[in-house]
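Single-letter residue listing:
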Amino acid sequence: MRVVSCNSFGPLTDLAIEERDPWPLGPDDVRIAVSAAGVNFVDALFVQGLYQIKPPLPFVPGNEIAGVVSEIGADVTTLQVGQRVFTNVGLGGYASEVAVPAKRAVPTPDSMTDGQAATFTQSYSTAWFALVKRARVSAGQSMLVLGAGSGVGLAAVDVGRSLGMTVIAAASSAEKRAAATARGAAAVIDSSAEDVKTRAKEFAQELTGDGTGVDVVYDPIGGAQGEQALRALREDGQFLVIGFASGAIPQLPANQVLLRNRRVTGVDWGAWVGRHQQENNEMLADIVAAIGDGRLSPVEPIAYPLDQAAQALQDQLDRKIVGKTVLVP
Ligand SMILES: NC(=O)c1ccc[n+]([C@@H]2O[C@H](COP(=O)([O-])OP(=O)(O)OC[C@H]3O[C@@H](n4cnc5c(N)ncnc54)[C@H](OP(=O)(O)O)[C@@H]3O)[C@@H](O)[C@H]2O)c1
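Residues numbered from 1 in each chain as written. Predicted model: local features only at pLDDT ≥ 70, side-chain atom pairs only at ≥ 80, totals over all residues.

1. Focus: helix α3 (residues 120-134)
Taken across its 15 residues, α3 has 12 buried, putting it largely inside the fold. By the burial criterion, the buried members of α3 are F120, T121, Q122, S123, Y124, S125, T126, A127, W128, F129, A130 and L131. Following α3 by one or two positions, R136 has its phi on the positive side, about 50 degrees. (Buried ≥ 20, exposed ≤ 12 C-beta atoms within 10 Å, placed from the backbone. Helix = DSSP H or I, 4+ residues; strand = E, 2+ residues; numbered from the N terminus.)

Have a look at this one:
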């Protein structure tokens, strides 16, 4: 099988394409011929040694994959060869095949392409976990989404709109803003040229009649934009800390949290999954059902050949990606 191997932490260009022996297959495992491996921002952090967890070297990056079952272990009764499935492997996804316990492979619904199946889990679980389980939003509330053309941002636009929220989307390019509008954003802000706080309040006035601000800020970017967005929250508004794609952890001023009784809520979906596997499975089933009946519509990702993993990750870091990316072995 072919893999993308990280043999030392450092530049993305050091990633190597290697041939490896196939994974051994246990009696409860299935082998999956990967048709799409989802690319996530965090994969680039892993490869550069910039993530808080550093895997033992060498490792194969990539968590999300979709493909077709090519072999089943002796005791597997739930899946068949030829069946389309998707799964999260933690690491090892940037490969032409993976082997996982059968119970971790989920049949891909007909409503989803392999590209969507390989890219929706992390982005939609994060958005759903943030809005439903952490913020406990309700229909009619307003939300400002930063980085709204990104993986987790676009998912938040889609999930928020499906829950009946009024979504204001901030993104740096016209293409990203158009993607947010297509997923149901009621208004867009050009974060590269406009003042996000001022524009968010103007749109809140226009769309909800409350010019004091929005109910929720969803921030996967951090830095100065995150600090500004905190000031766009109305009374009892919630700031959701999702990530720091800008590379800077925002220094949220406590006086701005005190004013208007605002709240700051942490969102760490990845760590939560480890402690709440069953609840996460139920959440994933809810998301899959919502995609199946058309309430949610994940983007069709941009495809790169597996051998161009370094370029795909670099384009992600360079903010060129609208929506999601997959590697195709
Ligand atoms: N909390 C959780 O459970 C959780 C789960 C998944 C991901 N995350 C985190 O969420 C963040 C975004 O992930 P993602 O998959 O959505 O990434 P992505 O698709 O690459 O999007 C990141 C967005 O951040 C914006 N950005 C601003 N400054 C940037 C910079 N210097 N470099 C790169 N991007 C910059 C860009 O939007 P504009 O061009 O519009 O500014 C870009 O579209 C990451 O930090 C990731 O680790 C958190």
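2. Some points on the site of the ligand
Among the 31 residues in the neighbourhood of the ligand, the closest are listed as S150, G151, S172, G243 and A245. The set of elements that each furnish at least two residues to the shell around the ligand consists of α1 (41-48), α3, α4 (151-162), α9 (269-275) and α11 (309-317). Counting residues per element, the shell around the ligand draws most heavily on α4, at three residues. Within the shell around the ligand, the residues separate by chemical class into 13 nonpolar, 15 polar and three charged. (Near = placed C-beta within 6 Å. Nonpolar A, V, L, I, M, F, W, Y, C, P; charged D, E, K, R; others polar.)

3. Side note on the environment of V68
On the secondary structure map, V68 appears in strand β4 (residues 64-72). Excluding residues that lie within four positions of it along the chain, V68 makes contacts with I32, A33, S35, G82, Q83 and R84. (Contact = placed C-beta atoms within 7 Å.)

4. Thoughts on the sheet that holds strand β11 (residues 214-219)
Spatial ordering of the open sheet is given by β10-β9-β8-β11-β12-β13, a layout of six strands whose pairing is parallel. The sheet is open, and its two borders are formed by β10 (187-190) and β13 (263-266), each paired with just one other strand. Pairwise comparison of adjacent strand axes, ignoring direction, gives a mean angle of 20 degrees for this sheet. Against the sheet, helix α5 (residues 174-182) contacts β9 (166-171) and β10, and its axis sits at roughly 165 degrees relative to β9. (Pairing = 2+ DSSP bridges. Axes fitted to C-alpha atoms, helices over the stretch in contact; angles between N-to-C directions.)

5. Examining the domain arrangement of the protein chain
For the protein chain, the assigned domains read domain 1 (2-119 + 299-328) and domain 2 (122-270). Tallying the contact residues gives 10 residues for domain 1 and 10 residues for domain 2. Within the side of domain 1 that touches domain 2, the residues separate by chemical class into three nonpolar, four polar and three charged. (Domains from an automatic or database assignment.)

6. Concerning α11
Taken together, the buried positions of α11 are A309, A312, L313 and Q316. On an axial view of α11, the arc spanned by its buried residues comes to 95 degrees, and they lie on one face. Where α11 is buried, its residues touch β1 (2-5), β3 (29-39), α1, β14 (302-305) and β15 (325-328). Just downstream of α11 lies R319, where phi reads positive at about 65 degrees. (Arc of directions from axis to C-beta.)

7. Topic: the nonpolar core
Soluble globular proteins: nonpolar side chains tend toward being buried together. Counting residues in each nonpolar core, the largest one holds 96 residues, and the members touching the most others are L144, V145, A169 and V217. Among the elements that make up this core, the one with the highest residue count is α3 (seven residues). The two domains that each donate at least three residues to this core are domain 1 (2-119 + 299-328) and domain 2 (122-270). Ignoring anything within four residues of it in the chain, the contact list for V145 reads G153, A156, V157, G160, V167, A169, A170 and Y218. (Core = buried A, V, L, I, M, F, W, Y, C linked by C-beta atoms within 7 Å.)

8. A few points about unusual backbone geometry
Here the amide bond leading from L57 into P58 is cis, since omega sits at -10 degrees, within 30 degrees of zero. Residue D236 is not a glycine yet carries a positive backbone phi of 65 degrees. Tracing the backbone through its elements, the reader meets D236 in strand β12 (residues 233-241). When the 10 C-beta atoms within 10 Å are taken as the criterion, D236 is described as exposed. Phi at R260 takes a positive value of approximately 65 degrees, unusual for a residue other than glycine. Among the secondary structure elements, R260 is positioned in the loop between α8 (254-258) and β13. With 15 C-beta atoms counted inside 10 Å, the residue R260 sits in the partly exposed group.

9. So, the pairing of β15
Bridge count between β3 and β15: three bridges; the pairing is antiparallel. Pairing of G38 across the sheet is with V326, part of β15. Assessed by its sense of winding, the connection that carries the chain from β14 through α11 to β15 is right-handed. (Right-handed = clockwise from strand over helix to strand, strands pointing away.)

10. Considering the packing of α1 against α11
In contact at an axis separation of 9 Å, α1 and α11 are set at 110 degrees when each is read in the N-to-C sense. Taken as axis vectors, α1 and α11 run roughly perpendicular relative to one another. The interaxial crossing formed by α1 with α11 has left-handed handedness. Counting all contacts with α1, which are made through F41, D43, A44 and V47, the residues of α11 involved are L313, Q316 and L317. Taken together, the residues of the contact of α1 with α11 sort by class into five nonpolar, one polar and one charged. (Parallel < 35°, antiparallel > 145°, perpendicular 65-115°, else oblique. Left-handed = near helix turned anticlockwise from the far one by under 90°.)

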